[in-house]
Amino acid sequence: MAWGWTLAAAAMLAASPVLAGPPELDRLFAEWRVFEASGTRDGAPDYTPAAMTAKAAALKTWQARLAKFDRSGWPVADQVDWNLVRAEMNGLDFDLHVLKPWQRDPAFYISLWTSQSDTPAHEGPVHHAPIELWQYSFPLDAAAQAKLAGELHGIAPLLRQARGNLTGNARDLWTSGTISVGEQASGLDELATRITGASPELKAAVAEAQAATAEYIAWLTAEAPKKTGPSGVGIENYDWYLKNVQLSPLTWVGEVAILKRELGRAHSALRLEEHNHRDLPPLVGAADEAAYTVQAQAAVRRYIDFARDNDIFTVHDYMAPALLAKIGHYVPPEKQDFFTIVQHRAPLALWMHWYHWFDLAVMRTDPNPDPIRRGALLYNIWDTRSEGFATANEEMMLHAGLFDVSPREREVVWIMAAQRAARGLASLYAQANQIDLKAAQAMQVARTPNGWMSPTLPLVGFEQGLYLRQPGYGTSYITGKYQVDKLFDELFETKPGFTVKQFYDGLNGFGMIPPSMVRWQWVGNDDEAKAIGAEQAITPALPLATSEPSDPKVKPSPRIPAPRR
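Residues numbered from 1 in each chain as written. Predicted model: local features only at pLDDT ≥ 70, side-chain atom pairs only at ≥ 80, totals over all residues. Heavy atoms only, no water.

A.B. asks: Would you explain the packing of helix H6 (residues 142-152) against helix H9 (residues 200-223) in this entry?
C.D. replies: Between two packed helices, the angle of one axis relative to the other and the distance separating the axes together describe the packing. H9 packs onto H6 with a crossing angle of 25° between their chain directions and a minimal axis gap of 9 Å. Of the possible angle classes, the one that applies to H6 and H9 is roughly parallel. In this structure, H6 crosses over H9, and the sense of that crossing is left-handed. Across the interface between the two elements, Gln145, Leu148, Ala149 and Leu152 from H6 touch Glu201, Leu202, Ala205, Val206, Glu208 and Ala209 from H9. Of the residues that constitute the contact of H6 with H9, the class distribution is 7 nonpolar, 1 polar and 2 charged. (Axes fitted to C-alpha atoms, helices over the stretch in contact; angles between N-to-C directions. Helix = DSSP H or I, 4+ residues; strand = E, 2+ residues; numbered from the N terminus. Parallel < 35°, antiparallel > 145°, perpendicular 65-115°, else oblique. Left-handed = near helix turned anticlockwise from the far one by under 90°. Contact = heavy atoms within 4.5 Å. Nonpolar A, V, L, I, M, F, W, Y, C, P; charged D, E, K, R; others polar.)

A.B. asks: How do you make sense of the confidence of the model for the protein when you look at a structure like this?
C.D. replies: Close reading of the predicted structure is inappropriate where its pLDDT is low. A residue-level look at the protein finds 91% of positions with pLDDT of 70 or above and a mean pLDDT of 92. The low-confidence segment residues 1-15 (pLDDT under 50) makes 32 contacts with residues lying over four places distant or belonging to another chain. Every residue in residues 536-565 scores below 50 in pLDDT, and together they form 73 contacts with partners more than four places removed in sequence or on other chains. (pLDDT = per-residue confidence, 0-100.)

A.B. asks: Explain the packing of aromatic side chains to me, please; I cannot follow it from the model alone.
C.D. replies: For any pair of aromatic rings, geometry is given as the distance between the ring centres together with the angle between the planes. Taken as a whole and judged by the stated rule, the model has 38 aromatic pairs. Centre to centre, the rings of Tyr216 and Trp219 are 6.4 Å apart; their planes meet at 15°, and the pair counts as stacked. Taken together, the positions of Tyr216 and Trp219, both in helix H9 and 3 residues apart, correspond to about one turn of that helix. On the basis of relative accessible area, Tyr216 is assigned to the buried category, the value being 0%. A network of ring pairs unites the aromatic residues Tyr303, Phe313, Tyr355, Phe358, Phe389, Phe488, Phe492, Phe498, Phe503, Tyr504, Phe510 and Trp522 as a single cluster. Its guanidinium or amino end placed over the ring of Trp357, Lys326 lies 4.5 Å from that ring's centre, counting from NZ or CZ. One Lys or Arg, Arg423, reaches over the ring of Tyr477 and ends 4.2 Å from the middle of that ring. (Phe/Tyr/Trp six-rings, centres within 6.5 Å; stacked < 30°, edge-to-face > 60°. Buried < 20%, exposed > 50% of the residue type's maximum accessible area, 1.4 Å probe, protein only. Lys NZ or Arg CZ within 6 Å of the ring centre and 35° of its normal.)

A.B. asks: Sorry, what's going on with the environment of Pro120 here?
C.D. replies: Positionally, Pro120 belongs in the loop between strand E3 (112-113) and strand E4 (131-132). Separated by 237 residues in the primary sequence, Pro120 and Trp357 place their C-alpha atoms 9.4 Å from one another. Other than its neighbours up to four places away in sequence, Pro120 contacts Leu360, Met363, Ala376, Trp382, Ser386 and Met512.

See below:
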């Protein structure tokens, strides 16, 4: 086993004197990131029990080193940075003691990623050597072929290791993860057709990865009947995660209340919009590729022009191209899932959520000078900011008047809000082990309006599978929106003359960090920071379950109503 940080080195770090200021914090952060990603075996990341035991022991030293900072007199911005580092360390702590994706989640070992995420980093737990195929330009030159072949050679040893590491008993994670691994198999098959003229080395690497993936899927399938346990982390662990990793002022109970409220609000607003527009013709999706392209491109121009003409935000040169590059293609009606239905009937509504691509462009073209905030925080700590603001932007633009010229598009904004609330609420019950994955999917389908959520297309399985793998992600769209709305309100209440444009233009300057931390720094209100312990020393160890989550006393499952058509 190769291990980048020994226990002796960790002890030396613990003996260091009290650290004095932000430059030392930046250095610790850089060293922490090296440690967090360290550990290899046979050319692949090492997640064996011995490696994880060593990492857990060393983590305590990193937490102790962070706690030694004397933060008295630090500006709020530097206090926020300290807490962001604290949250990352707590994220690893949570993974080591509770989530254990290397032990419980077969999808953790997926290596091949064929498309770019619209968020700052991959959604959910991902191992430390992903292959970002979307970053390659085909046909590949000699250097790219050699690089890709080297990355692909890591798949086989990692999947061999996985068969020894995956000793957990999480039934739903196992079955949904097996389906997800099938996507890697499909991606490798497609890759094989794109490299027919490539080097023998690359062809051999692809074939090796194909065989290893097929063997892994066969093993997962054979082991599946043995898996009988729950997959959620439980309410107590979920609350700890929200507070200490997500830096959220909410709890499981609070999130349930917010999502129930938003689900009901979205449904009632939709029905009122439909009543108001009852004499207008219904939205009709594009009928072919040409019509779809015209409609999608026009929606981008309309959005950009509206923002510029109404002083919503500063329009930069990268914005229109960022959206135009992602508008996609025509999909026949029988193959349209929820989001492609939206794209074809009211693309502008979805483009509002794709503020994501603006966020990514900012991170790429105007990186934050603060090294801690420059890139994506680990453990999806960015999700309430990224997904929350993207979701908030949909309703904000509705109220700002973007959809006034096409009133029926307003209905789609409420349909999307209901879908996100329904899936998030279902994910909460699944994390609490009150319902299983199948029931969570049924609840999402039933509570998405007008039959737009197909129970048979892959989207519902992908979404609920992801939200089971990553606590807090399924709710972050709505709970993040709640926090962004609160921030928006307080800025106008506390800063005379504050404008919408100042909000939009100013938000990105804080980096992709939790809204509670933005609020502390921008508004100056520290009540949420205190509530999550942001001004206290970090918790030295998890006071939570340290093994496979036990099956709690299962409460009656929430009533799942019939689908609304």
